[in-house]
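# Secondary and tertiary structure notes
The chain contents come next:
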Number of protein chains: 4
Amino acid sequence: MQTFTLDQASVIVDAALAHARELGCHPLTVAVLDAGGHLLALKREDGSGILRPQIAQAKAWGALGMGHGGRTLAERAASAPAFYAALTDISGGRIAPVPGGVLVRDAQGNVVGAVGISGDHPDKDEACAMRGIGRAGLQADVT
Amino acid sequence: MQTFTLDQASVIVDAALAHARELGCHPLTVAVLDAGGHLLALKREDGSGILRPQIAQAKAWGALGMGHGGRTLAERAASAPAFYAALTDISGGRIAPVPGGVLVRDAQGNVVGAVGISGDHPDKDEACAMRGIGRAGLQADVT
Amino acid sequence: MQTFTLDQASVIVDAALAHARELGCHPLTVAVLDAGGHLLALKREDGSGILRPQIAQAKAWGALGMGHGGRTLAERAASAPAFYAALTDISGGRIAPVPGGVLVRDAQGNVVGAVGISGDHPDKDEACAMRGIGRAGLQADVT
Amino acid sequence: MQTFTLDQASVIVDAALAHARELGCHPLTVAVLDAGGHLLALKREDGSGILRPQIAQAKAWGALGMGHGGRTLAERAASAPAFYAALTDISGGRIAPVPGGVLVRDAQGNVVGAVGISGDHPDKDEACAMRGIGRAGLQADVT
């Protein structure tokens, strides 16, 4: 019944950070949430800013809240700025419409959680999230 | 003197969702508020995102808060973005200026509540709200 | 994969309210949350107070947050008042440690959601929640 | 000058959870904060309640906030309940005055962070925190 375990979340975090070191990223924070938006695992690298845990969680939470990855949310925010400004308040500050929030799907395509990464350029954050999710044998969905 | 009952609100929710299925909408969340902005009934379809209950309520609450449907609020937000950005804070995150929030009026034209729907394109959300309100024998006001 | 559906949640709400009418309860509000604490369905009866939606949700959310029903949380709050006072803030006001918050388990014993009812004496609120859950073919856990 | 690293925090989390499995604890959540009260690492075991991440962080944050472990805070809250009720608001819900929040000191006695654990009896939570801190070669301070 448990479709997304701490073991899987831990693999995602560690594989994402290993990829960040290969890419020479700035210090990152990686958050993994379950389908209900609750934290399963988080690591903040030495030197990663003190707001990064909240940003990483907001990238992941926003993806779950809207059912789309941060890349799609960023596009929509650009075309509907007033609505997305409202969404930050509606959500209590739990949305960050920017790449680096990635939905996690199981083999049947069900959303089982989300990953949010913050600390470098959003494209690099996103690449590390995708690598981590792949290493755990799950499907990354950035759309 | 009770002008908007749970029975009516329940008809609205179920008729709106029935219409959504006819239209093949994405999974929706439907919220019905009384004239005081308090929840009477809500249903979230399987697969509708975890932020949808708050968005649906904010569409309805915003309509009541300003006395206009979400379609009008969206137009105004486009021409007065700073004011609407302020309104999201002023309201404590209870306003979503986007179509899909519809005022409910009785036969005498009094506002008795509002419906908010979220999950598909705002125009489709609004169409489902209007259908639901009509099925309950009440007047939908999107302006 | 979906272990707790809107159809089940709707049966719970309607069966709980039918039982409330049999018992002659005061007007109730019934909230059904999924395992992540997000609203699936809610109905507020005519005359049920305007804070009842929040109380009903807090009974259910608190049960999910702590992994125990409101009856157990009430006992613990009586013996650890400072901690439970802190928990109301820690949770952002999403906990109500009082009977009427009931965990919903599936046939395998997994928590799939929770029901919260507010409006009458907590024991009656709880009885209606249990009846509703039973009518949906699921297991009610008040402990 | 970095006195508390992600590597050390990761050792604490994993050693605390290993000890929890030896003791047969309920599913735990372990949070490790730096001296500024910001999250370094967190893991939530499968089945640990959805409020546990906040509680674990509040145990650790409260210890840093007051300069004493949760065991001392619990004693003080018992003798000064109104003040501790105020502190939950003053802190914005970031204090949990209960055992399981443990200060982390380096070899010179400086506070470099804190550990918070939630999910079982507070005494067991605290024992796991102490084990984790010891495994990382740091000093646990529960007073």
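Residues numbered from 1 in each chain as written. Chains lettered and ligands numbered in written order. Predicted model: local features only at pLDDT ≥ 70, side-chain atom pairs only at ≥ 80, totals over all residues. Heavy atoms only, no water.

Before going further, it helps to spend a moment on helix H4 (residues 81-90) of chain C. Looking at H4(C), one finds that the buried residues are Phe83(C), Tyr84(C), Ala86(C), Leu87(C) and Ile90(C). Here the buried residues of H4(C) occupy an arc of 155° about the axis, which is enough to place them on one side. Check the buried side of H4(C) and you find it contacts helix H2 (52-66) and helix H3 (70-79) of chain C together with helix H2 (52-66) and helix H4 (81-90) of chain D. Phi turns positive, to about 70°, at Gly92(C), one or two residues after H4(C). (Buried < 20%, exposed > 50% of the residue type's maximum accessible area, 1.4 Å probe, protein only. Helix = DSSP H or I, 4+ residues; strand = E, 2+ residues; numbered from the N terminus. Arc of directions from axis to C-beta. Contact = heavy atoms within 4.5 Å.)

Summed over the entire model, instances satisfying the criterion amount to one cavity of 30 Å³ or more. Its volume calculated, the largest cavity comes out at about 40 Å³. If you trace the largest cavity, you find it lined by Ser10(B), Val13(B), Ala41(B), Leu42(B), Lys43(B), Val13(C), Ala41(C), Leu42(C) and Lys43(C). Secondary structure elements with two or more residues in the lining of the largest cavity: helix H1 (6-23) and strand E2 (39-44) of chain B together with strand E2 (39-44) of chain C. Taken together, the residues of the lining of the largest cavity sort by class into six nonpolar, one polar and two charged. (1 Å grid on protein atoms, 1.4 Å probe; cavity = no way out; pocket = protein on both sides within 12 Å on 5 of 7 lines; lining within 4 Å. Points joined across faces, edges and corners; volume = space filled by probe spheres on them. Nonpolar A, V, L, I, M, F, W, Y, C, P; charged D, E, K, R; others polar.)

Another point: the pattern of salt bridges. Counted by the stated rule, this structure contains 32 salt bridges over all chains. Residue Glu126(A) pairs with Arg71(A) through a salt bridge whose shortest N-O separation is 2.9 Å. Of the two residues, Glu126(A) sits in helix H5 (residues 122-135) while Arg71(A) sits in helix H3 (residues 70-79), which places them 55 residues apart along the sequence. Among the salt bridges present, the one from Glu45(D) reaches Arg21(D), with a minimum N-O distance of 2.7 Å. Taken together, the residues span a long stretch of sequence, with Glu45(D) in the loop between strand E2 (39-44) and H2 and Arg21(D) in helix H1 (residues 6-23) at a distance of 24 residues. Judged by relative accessible area, which is 12%, Glu45(D) ranks as buried. (Salt bridge = Lys/Arg side-chain N within 4 Å of Asp/Glu carboxyl O.)

Listed per partner, the contact involves 19 residues of chain D and 18 residues of chain A. The junction of chain D with chain A conceals about 1,600 Å² of combined surface from both sides, 53% of it contributed by carbon and sulfur atoms. Ionic pairing is found between Arg44(A) and Asp34(D), a salt bridge with its closest N-O pair at 2.7 Å. Our enumeration of links across chain D and chain A arrives at 13 residue pairs in polar contact (both at pLDDT 80 or more). For the side of chain D that touches chain A, the element with the highest residue contribution is E2(D), accounting for six residues. (Buried area = accessible area lost by both parts, 1.4 Å probe. Polar contact = N/O pair within 3.5 Å; in protein donor to acceptor, adjacent residues only side chain to side chain.)

Opposite the eight residues of chain C that make contact, chain A presents eight residues. When chain C packs against chain A, close to 590 Å² is buried across both sides, 67% of that on carbon and sulfur atoms. Linking chain C to chain A there are zero salt bridges. Linking chain C with chain A are two residue pairs in polar contact (both at pLDDT 80 or more). A breakdown of the residues in the side of chain C that touches chain A according to their chemical character gives two nonpolar, four polar and two charged.

Right, let's get into the sheet that holds strand E4 (residues 111-118) of chain A. Whenever strands of a sheet pair, they do so through backbone hydrogen bonds, lying parallel or antiparallel. Strand order in this open sheet of ten strands is E5(A)-E3(A)-E4(A)-E1(A)-E2(A)-E2(D)-E1(D)-E4(D)-E3(D)-E5(D), and the pairing throughout is antiparallel. Edge positions in the sheet fall to strand E5 (139-141) of chain A together with strand E5 (139-141) of chain D, since each of these pairs with one other strand and no more. Strand after strand, the sheet turns through a mean of 20° between neighbouring axes, direction not considered. Sheet topology note: the strand E1 (residues 29-34) of chain A/E4(A) ladder contains six bridges and is antiparallel. What sits directly across from Thr29(A), in E4(A), is Ser118(A). Against the sheet, H5(A) touches strand E3 (101-105), E4 and E5 of chain A, its axis set at about 140° to E4(A). Where H1(D) meets the sheet, its contacts fall on strand E2 (39-44) of chain A together with strand E1 (29-34), E2 and strand E4 (111-118) of chain D, and the angle it forms with E2(D) comes to roughly 25°. (Pairing = 2+ DSSP bridges. Axes fitted to C-alpha atoms, helices over the stretch in contact; angles between N-to-C directions.)

Residue and element names in this part refer to chain B. Burial of strand E4 (residues 111-118) is extensive: seven of the eight residues sit out of reach of the surface. Bridge count between strand E3 (residues 101-105) and E4: five bridges; the pairing is antiparallel. By the bridge assignment, arginine 105 is partnered in E4 with valine 111.

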